[in-house]
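# Descriptive analysis of the structure
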Amino acid sequence: MKSFKPLSFSLIASCVFAGTLVAAPVKYSQRETFDFGWKFAKFGGHADCLAPNDPGAEAAKPGYSDGKWRKLDLPHDWGVESRFLPQLPNQTASLPWNAVGWYRKDFSVPAASKGNRFYLDFDGVMMTPQVYVNGKLAGEWKYGYNSFRVDITDFLKFGGTNVVAVRAENLPNSTRWYPGAGIYRHTWITESNPVHIENWGVFVTTPKIDGLPKINDKKPPKELKASSAKIATETTVVNKSSAPAKVEVLQEIYPLGGAKAPLASRQSPAKTVPAGASATIDVEATLPSPKLWDVVAPSLYVLRTTILLDGQMTDRKDTVFGVRKAEWKTDGFFLNGRRVQIKGVCQHHDLGPLGGAVHKRAIERQIEVLKSFGTNSIRTSHNPPAPELLELCDRMGILVDAELFDCWKYTKEGKANGYNLFWNDWRERDVRNFVQRDRNHPCVIAWSAGNEIEEQGKPDGPAIARELVKLFKKYDVTRPVTVGCNDLSASWNGFGKEFDVYGFNYKPNNYKDFANKNKQPFVASETASCVSTRGFYSFPADDNFEPFWRRNFCDNIATCQVSDYGLYAPGWSYAPDVEFGALEDEPRCAGEYVWTGFDYLGEPTPWNLGRKPENDFRDAPAKDLEKMKAEMEALKRQGSPARSSYFGIVDLCGFWKDRTYIYRAHWIPDKPMAHILPHWNWKGLREGKTTPVFVYTNGDKAELFLNGKSLGKREKKPGAPLSGKDMNGDLRERFRLTWMDVKYAPGTLKVVVYKNGKKWAEDVVETTDAPAKFTAEADRTEILGDGRDLSYVKIAVTDAKGRVVPTASNKFKFSVTGPAEIVGVCNGSQTDHDSMKGTELKAFNGLVQVILRSKRDSSGKATLKISGEKIGTQTLDVTVKKPTARQLKTNT
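Bear in mind the structure is a predicted one, so any value in this text is a computation, not a measurement.

Within the protein chain, the secondary structure is distributed over 11 helices and 45 strands. A globule of 892 residues ought to have a C-alpha radius of gyration of about 29 Å, and the protein chain, at 28 Å, matches this closely. Each principal axis of the C-alpha atoms in the protein chain carries an extent, and together these give about 90 × 60 × 55 Å. Within the span of the protein chain, comprising 892 residues, buried residues form 62% of the whole.

In C-alpha cells, the structure reads:
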C-alpha cells in the first residue's frame with residue numbers, strides 16, 4: 001500500500017516539542033501517540049506512595065504543584081514496580097496495585113487549530129479513570145479493560161498550554177487475579193475536521209465469497225485464493241459543525257503492504273448529514289481473486305475510507321481487514337469451507353515481568369511461543385485485550401474468542417467491587433466500545449459475553465443473557481455470541497440456549513450427551529487447569545505411587561511448588577490427557593481452550609489464599625483435606641510465598657515446562673518429537689529409588705534405555721476409555737508413555753520412538769556435572785530505537801560440557817550501557833519475591849531471563865553485562881536501529 005506522509009505541521013509537533021506553535025489546516029484526522037512526557041504520583045497506604053491521602057480534583061488544576069512527581073512515559077503499571085509482598089493477598093500477586101494514581105501532562109494546541117475537534121483516546125486505564133483538562137472533568141470510564149474516547153475540544157486553550165490529568169483508582173476486592181494498575185495501555189490524541197469519521201465508525205464485512213479453494217492443512221500453500229468476494233462497508237460520519245454537510249464516501253481496497261492503485265473502489269451517492277448529527281453510509285464493492293485470511297495463510301487488505309465534503313476530502317481512515325468465511329456448526333468450527341480443530345489457550349493480559357504495561361513486542365513473543373507448540377486460537381480471558389493482541393493475531397493467523405466480562409449483575413466469589421458495581425449503567429457502553437473497536441479483525445471468530453458468571457443458575461439468568469446478546473447483535477450480527485459455563489445446569493435450564501455457541505468449562509464427560517440432545521454448536525471454552533512448576537518434581541515418601549496419579553496429589557506446601565509430571569490439578573480440573581480423550585471421543589465439539597497458555601500474575605492455585613481448600617482439593621481424602629486446611633491457615637498467618645499461577649503450559653518467562661511437550665506432541669502430530677521427563681540430576685538423592693519416567697511423543701511406541709540397558713518398550717493405547725476426570729487404567733498410556741518402576745542411577749536416559757513400525761524420534765537426558773558457565777541468547781539482536789521495542793535474553797546455567805544444569809540456582813547481576821535499559825527480569829519461579837524490575841536475580845532450575853528495551857529516538861550498540869555467581873561474566877550486544885519520525889509518532 002502506498003505510504004502517505006503526515007502533514008508538514010501536525011498537532012503533535014506542537015504538543016511534544018517546545019517552540020513556535022504553527023499548524024496547517026487538517027486534511028484529515030491526525031492520530032498520534034500521547035504516551036510521552038507524563039508525571040505520576042501514587043497515593044495510599046503503601047510504602048511507595050507519595051502521600052497517604054488522595055488530593056482529589058486539586059491534582060487536576062493547572063497550578064497544582066507536581067514538582068515531586070515522578071517523570072515517566074506510558075504505558076505504565078504501578079503495581080508491578082514493587083517487589084512481591086507476602087503480607088498482601090497472593091490471589092492478586094502480592095503486589096500493591098490497590099491505590100489511587102494521578103497522571104499529569106502539559107501540552108500545547110495551536111491557535112490555528114481552533115474550530116477543529118480534539119479527542120484523547122485511551123486503550124485502557126485500570127481502573128475507574130477520570131480525565132480532566134485544565135482542571136475540569138472532561139470524561140470518565142469505569143471498566144479498566146475497555147478502550148474509550150474523551151472529546152476535549154471544549155476544554156482546550158487554543159494557542160496556549162493545557163494540562164491533562166488522569167485519576168485512576170484500583171478498588172480493593174475487585175478482581176480474582178492481578179489486574180495491573182494505572183494507564184497501562186497506549187494513549188492517543190486525535191485532531192479532526194468538524195465533519196469526520198466517527199470513532200470506530202468504519203465496519204467492513206465479507207458477506208459473500210465465491211470459489212473457495214480446497215485446503216490441505218498438512219501442506220498449506222503460501223496463499224489461498226477465492227474467485228471473488230463481496231465487500232460490504234458501513235461508515236458513520238459525524239457532523240460537529242453548525243451547518244448541514246453534504247458528504248460522499250469513497251471506498252478503496254489495497255493489499256496490505258503495497259500497491260499504488262486500488263484493487264477495487266466504489267463511491268457512494270451524496271448524503272446530507274444534519275448539523276450536530278451523524279449518518280451511516282453503506283458502500284459495497286467486489287474484490288476479484290481475493291487472497292483469503294486463514295490460520296495457514298493470513299492475508300490482509302486495507303480499506304481506505306475517504307469522506308468528501310462538497311467534493312473535497314475532509315477525512316480519511318485506513319482499516320485493515322481480511323477476507324474469510326467463518327462458520328460454527330453442530331459438528332465444529334469451519335474456516336474457509338473446511339473444519340478447523342480449535343487448539344486454543346486462555347490468556348490473561350499481563351506480560352509477566354512487564355506486568356500489565358502493554359508492549360507490542362512482548363505480546364508478539366507470547367504468540368510466537370504459543371504457536372511453537374501448536375496453538376491456533378486464544379480466548380481473551382476474561383476481558384477485552386489490548387488492541388495490539390488482535391492486530392498481531394490478524395497478522396500471525398491466530399483465531400480469537402474475544403471475551404468481555406467475568407462478572408455481570410451479581411457479585412462473584414465475594415468480590416463486592418467487581419463489575420457488578422457498574423452493570424446497570426455501563427454494560428451497553430462497554431458492549432458498544434468492545435464490539436465496535438474490534439469487529440473488523442478477521443481473527444475474531446466469536447464474542448464471549450462472560451465467564452462462569454453467577455447468572456448461570458439464577459432464575460433471571462436467561463433474561464439477562466438474552467438482553468446482553470441483543471446488545472452484541474446491535475453492533476455486529478456477523479459473529480456468534482458465546483459464553484463459558486462451569487455450571488452444568490446452564491446447558492439445560494435455558495441459560496445456554498440464549499447463546500449461539502455454548503461453552504463448557506471443565507465438563508469433558510458431558511460433550512456427547514449435549515451433542516445428542518442439542519442442535520447447538522459448542523466448544524470446550526476452558527479446560528484442564530493442570531498445575532505445575534517448570535523443572536520441579538516430587539515423589540511419595542513411602543514409595544506408594546498410586547496416589548501419584550491422583551489429580552489432587554500435592555505434598556509440597558513447604559515449597560509451594562507443584563510437580564512437573566503434568567498430572568496434578570485442582571478439584572474441578574484434570575490432566576491434559578482427559579480433555580484430549582474427550583475431544584477424540586466426541587468430535588462434534590469444536591475444540592478446546594486450555595487454562596492457560598502462559599503462567600500469569602496472581603491466582604497461585606493450589607496455594608491461592610483467596611480460595612478455600614475444599615474447592616481446590618475437593619476430591620482429596622478427608623484426612624488429607626483437613627491437613628491441607630490447617631496448613632493453609634498457617635500460610636495465611638505468615639504470608640504465602642506463592643504469588644503467580646502454575647496453570648500455564650509455559651512458565652511466566654515463556655520457558656517450556658515438561659507439560660508443554662504433551663501439547664506439542666498432540667497438536668502437531670506430523671512433526672517428529674520425543675521428550676523425556678524428569679531431569680536426571682538426582683545423584684546422591686535417589687540412587688536405587690523408584691523414579692517414574694514419562695515420555696511425550698507423537699509416535700506410537702517407544703523403548704527406554706538407562707545407561708545402555710533397555711528398560712522395556714511401551715505402546716500407546718488409543719481409544720482407552722475416560723473414567724470421570726481421573727487418570728485411571730489404560731488412559732495413562734493413551735497420550736503418554738510411562739515407565740513407573742525405574743530405579744534411579746546416574747547416567748544417561750535415552751528413548752527411541754517408533755511410528756507405524758519405523759523409527760520416528762529420539763531424546764536423551766543426562767546427569768550433568770556442577771554449574772561451570774552459562775550461555776546468553778537474545779531472541780532479537782536488532783531492535784528499533786522507539787522506546788518500546790524489546791529484546792528477550794535467555795540465560796542458561798551449564799556444566800563444563802555445555803549441558804544445562806536443571807537444578808542450578810546461581811545468582812546473576814545485570815547492567816547495560818548504550819541506548820537500552822533493563823525493564824524486566826524473571827526466572828519462572830512462582831515463589832521468588834525479588835522485584836521483576838531489578839538488576840539481579842537467581843536462576844530457577846537452570847534458567848533466568850532479562851528484558852532490554854530501547855531508549856526513545858536512539859541508535860547504536862547496547863551492551864548487556866551479565867555476571868553469574870561463581871560462573872563468570874559475559875557481555876551481549878544488541879543493535880538499536882534509528883527510528884523514523886513516523887515510527888516515533890504512531891507506534892508502528
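Extensive coverage of strand β2 (residues 38–43) is indicated by the burial of 5 of its 6 residues. Both β2 and strand β3 (residues 70–72) contribute to a ladder of 3 bridges, which runs antiparallel. By the bridge assignment, F40 is partnered in β3 with R70.

Taken as a whole, this structure holds 58 salt bridges when the rule is applied. In this structure, the salt-bridge partner of E428 is K474, at a minimum N-O distance of 2.7 Å. With E428 in helix α4 (residues 423–438) and K474 in helix α5 (residues 461–475), the pair connects residues that are 46 residues apart, well separated along the chain. For E428, a relative accessible area of 33% translates into the label partly exposed. Assessed through its relative accessible area of 54%, K474 is described here as exposed. Among the charged side chains, a salt-bridge network with shared partners connects R176, D406, K412, E413, E603 and R611.

Mapped onto the fold, H359 is located in the loop between β22 (342–346) and α2 (360–372). Sequence-wise, H359 and D789 are 430 residues apart; in three dimensions their C-alpha atoms are separated by 7.5 Å. If near-sequence neighbours (up to four positions away) are discounted, H359 is found in contact with L351, L354, R788, L790 and R853. Within polar-contact distance, the side chain of H359 engages the backbone oxygen of A357 at 3.1 Å.

Pairing in this open sheet of 3 strands is antiparallel, and the strands run β11-β12-β16 from one edge to the other. At either margin of the open sheet sits one strand with a lone partner, and together these are β11 (195–210) and β16 (278–288). The sheet shows a mean angle of 20° between the axes of neighbouring strands, direction not considered. Sheet analysis places β11 next to strand β12 (residues 228–239), joined by 10 bridges and oriented antiparallel. Paired with V204 across the strands is T233, a residue of β12.

Looking now at the packing of aromatic side chains. What the rule picks out here adds up to 52 aromatic pairs. Ring-pair connections join several aromatic residues into one group, and the members of that group are Y143, Y145, F405, W408, Y419, F422, W423, F495 and F499. A cation over an aromatic ring shows up here: R643 above the ring of F84, its NZ or CZ 4.1 Å from the ring centre. Over the face of the ring belonging to F539 we find R686, whose NZ or CZ atom lies 3.8 Å from the ring centre.

The subject of this paragraph is the packing of α2 against helix α3 (residues 387–396). In the contact formed by α2 and α3, the axes pass within 10 Å of each other and the chain directions differ by 45°. Comparing their axes, α3 and α2 come out oblique. Judged by the sense of rotation from one axis to the other, the crossing of α2 with α3 is right-handed. Here K360, I363, E364, I367, E368 and K371 of α2 lie close against α3, whose contacting residues are E388, L389, E391, L392, C393, R395 and M396.

Either a parallel or an antiparallel arrangement is found when strands of a sheet pair, and the pairing is made through backbone hydrogen bonds. Taken in spatial order, the 3 strands of this open sheet run β30-β31-β34, and their pairing is antiparallel. Every other strand in the sheet has two partners, leaving β30 (674–677) and β34 (737–739) as the edge strands with one partner each. In this sheet, adjacent strand axes meet at a mean angle of 15° when their direction is disregarded. Where β30 lies against strand β31 (residues 693–697), 4 bridges are found, and the strand directions are antiparallel. Opposite I676, over in β31, you have V695 as the bridge partner. Taken strand by strand, helix α10 (residues 658–667) contacts β30 and β31, and its axis lies near 35° from that of β31.

If you look at the biggest cluster of nonpolar residues, it comprises 191 residues, and the most contacted ones within it are W408, F472 and W607. Per-element tally for this core: the top contributor is α5, with 7 residues.

For S644, the location among the structural elements is in the loop between α9 (622–638) and α10. Judged by its relative accessible area of 2%, S644 is buried. Polar side-chain contacts of S644 include one of 2.9 Å to the side chain of R643. Ignoring sequence-local partners within four residues, the contact set of S644 consists of Y600, L601, G602, P604, L652, S829 and Q830.

Packed helices, taken two at a time, are described by their axes: the angle between them and the distance between them. Two elements in contact, α4 and α5, have axes separated by 8 Å at closest approach and are oriented at 35°. For the pair α4 and α5, the crossing hand works out as right-handed. Every residue of α5 that contacts α4 at W423, R427, E428, V431, R432, F434, V435 and Q436 is listed here: I464, E467, L468, L471, F472, K474 and Y475. Residue classes in the contact of α4 with α5 are distributed as 9 nonpolar, 1 polar and 5 charged.

When pLDDT is low, close inspection of the predicted coordinates is not appropriate. On average, residues of the protein chain score 93 in pLDDT, and 96% of them reach the 70 mark or higher. Per-element mean pLDDT across the protein chain ranges from 31 in helix α1 (residues 11–16) up to 99 in strand β23 (residues 377–379). Every residue in residues 1–24 scores below 50 in pLDDT, and together they form 49 contacts with partners more than four places removed in sequence or on other chains.

What follows covers unusual backbone geometry. The phi torsion of most residues other than glycine is negative, and most of the peptide bonds are trans. With omega at -5°, the peptide bond leading from L74 into P75 counts as cis. One can find P75 in the loop between β3 and β4 (100–109). Residue P606 is reached from T605 by a cis peptide bond, and omega for that bond is 15°. Unusually for a residue other than glycine, N173 sits at a positive phi of about 55°.

What follows covers the environment of F373. Mapped onto the secondary structure, F373 falls in the loop between α2 and β23. A relative accessible area of 0% places F373 in the buried class. For the pair F373 and W667, spaced 294 residues apart in sequence, the C-alpha to C-alpha distance is 7.0 Å. The residues contacting F373, other than those within four sequence positions of it, are I649, V650, W656, T660, Y663, R664, W667 and I668.

Note on helix geometry: an α-helix contains 3.6 residues per turn, so any two residues three or four positions apart are oriented the same way. The end-to-end C-alpha distance of α9 is 25 Å, a good match for the 24 Å that 17 residues give at a rise of 1.5 Å each. What α9 keeps buried is the set L625, M628, M632 and L635. Seen from one end, α9 has its buried residues packed into an arc of 80°, which puts them on one side. Facing away from the buried side of α9, by more than 90 degrees, are the exposed residues A622, K623, K627, R637 and Q638. Two residues or fewer past α9, G639 is found with a positive phi of approximately 95°.

The rules we used
Residues numbered from 1 in each chain as written. Predicted model: local features only at pLDDT ≥ 70, side-chain atom pairs only at ≥ 80, totals over all residues. Heavy atoms only, no water. Helix = DSSP H or I, 4+ residues; strand = E, 2+ residues; numbered from the N terminus. Rg over C-alpha atoms; globule rule 2.2 N^0.38 Å. Buried < 20%, exposed > 50% of the residue type's maximum accessible area, 1.4 Å probe, protein only. Pairing = 2+ DSSP bridges. Salt bridge = Lys/Arg side-chain N within 4 Å of Asp/Glu carboxyl O. Contact = heavy atoms within 4.5 Å. Polar contact = N/O pair within 3.5 Å; in protein donor to acceptor, adjacent residues only side chain to side chain. Axes fitted to C-alpha atoms, helices over the stretch in contact; angles between N-to-C directions. Phe/Tyr/Trp six-rings, centres within 6.5 Å; stacked < 30°, edge-to-face > 60°. Lys NZ or Arg CZ within 6 Å of the ring centre and 35° of its normal. Parallel < 35°, antiparallel > 145°, perpendicular 65-115°, else oblique. Left-handed = near helix turned anticlockwise from the far one by under 90°. Core = buried A, V, L, I, M, F, W, Y, C linked by side-chain atoms within 4.5 Å. Nonpolar A, V, L, I, M, F, W, Y, C, P; charged D, E, K, R; others polar. pLDDT = per-residue confidence, 0-100. Expected span 1.5 Å × (residues − 1). Arc of directions from axis to C-beta.

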